Amino acid sequence: MKQDGGRENREELTDGAQRFSSFFPLSPAPRFLGLVEYEPTWRAMQEFTAQRTAKTPDEIWLLQHPQTFTQGQAGRPEHLLDAHGIPVIRIDRGGQITYHGPGQLVVYLLLDLRRWKINVRELVRLMEQAVIDLLAEYGIAAQGREDAPGVYVEGAKIAALGLKIRNGCCYHGLSLNVDMDMTPFTYINPCGYQGLQVIHMKDLGVNTTIAAAGLQMSRLLMLHLQRHLKMKNAV
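Residues numbered from 1 in each chain as written. Predicted model: local features only at pLDDT ≥ 70, side-chain atom pairs only at ≥ 80, totals over all residues. Heavy atoms only, no water.

Thoughts on the overall build of the protein chain
Argument step 1. A count of helical and extended segments in the protein chain gives four helices and ten strands.
Argument step 2. Taken from the N to the C terminus, the helices and strands of the protein chain come in the order α-β-α-β-β-β-β-β-α-β-β-β-β-α.
Argument step 3. For the protein chain, the proportion of its 235 residues judged to be buried stands at 54%.
Argument step 4. Long-range contacts, defined here as pairs at least 24 residues apart, represent 73% of the contacts in the protein chain between residues at least 6 apart.
Argument step 5. Accessible surface, the protein chain as shown: approximately 10900 Å² in total, 52% of it carbon and sulfur. (Helix = DSSP H or I, 4+ residues; strand = E, 2+ residues; numbered from the N terminus. Buried < 20%, exposed > 50% of the residue type's maximum accessible area, 1.4 Å probe, protein only. Contact = heavy atoms within 4.5 Å. Areas by Shrake-Rupley, 256 points an atom, 1.4 Å probe, with all protein chains shown as cover.)

Digging into the pattern of salt bridges
Argument step 1. If you walk through the whole model with that rule in mind, you get twelve salt bridges.
Argument step 2. Salt-bridge contacts for glutamate 39 lead to arginine 43; the nearest nitrogen and oxygen are separated by 3.4 Å. Of this pair, glutamate 39 and arginine 43 both sit in helix 2 (residues 38-51), separated by four residues, roughly a single helical turn.
Argument step 3. Given a relative accessible area of 39%, arginine 43 falls into the partly exposed group.
Argument step 4. Between arginine 52 and aspartate 58 there is a salt bridge; the shortest N-O distance is 2.5 Å. Neither arginine 52 nor aspartate 58 differs from the other in exposure class; each is buried.
Argument step 5. Within this structure, Arg121, Arg125, Glu128 and Glu146 form a network of salt bridges that share partners. (Salt bridge = Lys/Arg side-chain N within 4 Å of Asp/Glu carboxyl O.)

Structural notes on the sheet that holds strand 1 (residues 29-35)
Argument step 1. Spatial ordering of the open sheet is given by 1-2-6-10-9-8-7, a layout of seven strands whose pairing is mixed. In the strand order of this sheet, the two ends are held by strand 1 and strand 7 (143-144), each with one partner.
Argument step 2. Bridge count for strand 1 against strand 2 (residues 59-64) is six bridges, and the pairing is parallel. Looking at strand 2, one finds that proline 30 is bridged to isoleucine 60.
Argument step 3. Against the sheet, helix 2 makes contact with strand 2, strand 6 (104-112), strand 9 (156-166) and strand 10 (169-177), and its axis sits at roughly 150 degrees relative to strand 10, the strand it touches most.
Argument step 4. Docked against the sheet, helix 3 (residues 120-136) engages strand 6, strand 7, strand 8 (151-153), strand 9 and strand 10, running at close to 150 degrees with respect to strand 9. (Pairing = 2+ DSSP bridges. Axes fitted to C-alpha atoms, helices over the stretch in contact; angles between N-to-C directions.)

Describing the packing of aromatic side chains
Argument step 1. On inspection of all chains with the given rule, the structure shows three aromatic pairs.
Argument step 2. Their ring planes at 80 degrees and their centres at 5.3 Å tell us that tyrosine 99 and phenylalanine 185 sit as a pair that is edge-to-face. Of the two residues, tyrosine 99 is situated in strand 5 (residues 97-100) and phenylalanine 185 in the loop between strand 10 and helix 4 (210-234); the sequence distance between them amounts to 86 residues.
Argument step 3. Using a relative accessible area of 1% as the deciding quantity, one classes tyrosine 99 as buried.
Argument step 4. Using a relative accessible area of 9% as the deciding quantity, one classes phenylalanine 185 as buried.
Argument step 5. Connected via pairs of aromatic rings, a cluster forms that spans Phe69, Tyr99 and Phe185.
Argument step 6. A cation over an aromatic ring shows up here: arginine 43 above the ring of tryptophan 42, its NZ or CZ 4.0 Å from the ring centre.
Argument step 7. When the ring centre of tyrosine 152 is taken as origin, the NZ or CZ atom of arginine 145, which lies over that ring, is 4.8 Å away. (Phe/Tyr/Trp six-rings, centres within 6.5 Å; stacked < 30°, edge-to-face > 60°. Lys NZ or Arg CZ within 6 Å of the ring centre and 35° of its normal.)

Here you go:
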């Protein structure tokens, strides 16, 4: 599994953030956080959202987490088959149980939905489309599912989505499996679906880094947000 965090990756991410500032001046500022513990990051998202005002700039956080299972608000305990010592954290997003670990790109969107004239359903579809477009850049055909948010390749899940809305603003976001140990997914019913196959980009012949995937994902999310706002303003 490729590891990020060296000087070259830090410089790549810094340069990428500067380019985004010039290309997408109205879009959320990307923040590249590296490998960070789940619970402090979640609490930081809550605090950011609770304290923000109408003038607070939106942000997109790109990061990885150590091995962690997260259980959504309506999560059912039977979907955790055996934690094998991996921490399980009950959180405030929707959905059932999922897994985070090194080699998975996690993208948290801290957006004022009113600013972008977007509702939750539209944002979920926009996020899915950004992942689909990223995979298409590698020649991979992917699709979403009406009955189960996320992105799939030939029925196997490669990206999971989950959001929390508070006072018209959102946090949480999406996770894209890039190049990781997939074993812990067998310890759960992923997203509450027994027998659901989960894959990563490495399975599909893609050799990339979290840094590179993060830059691609930021670009695509910003592009789709700008397009959505332009369309709404034209109506």
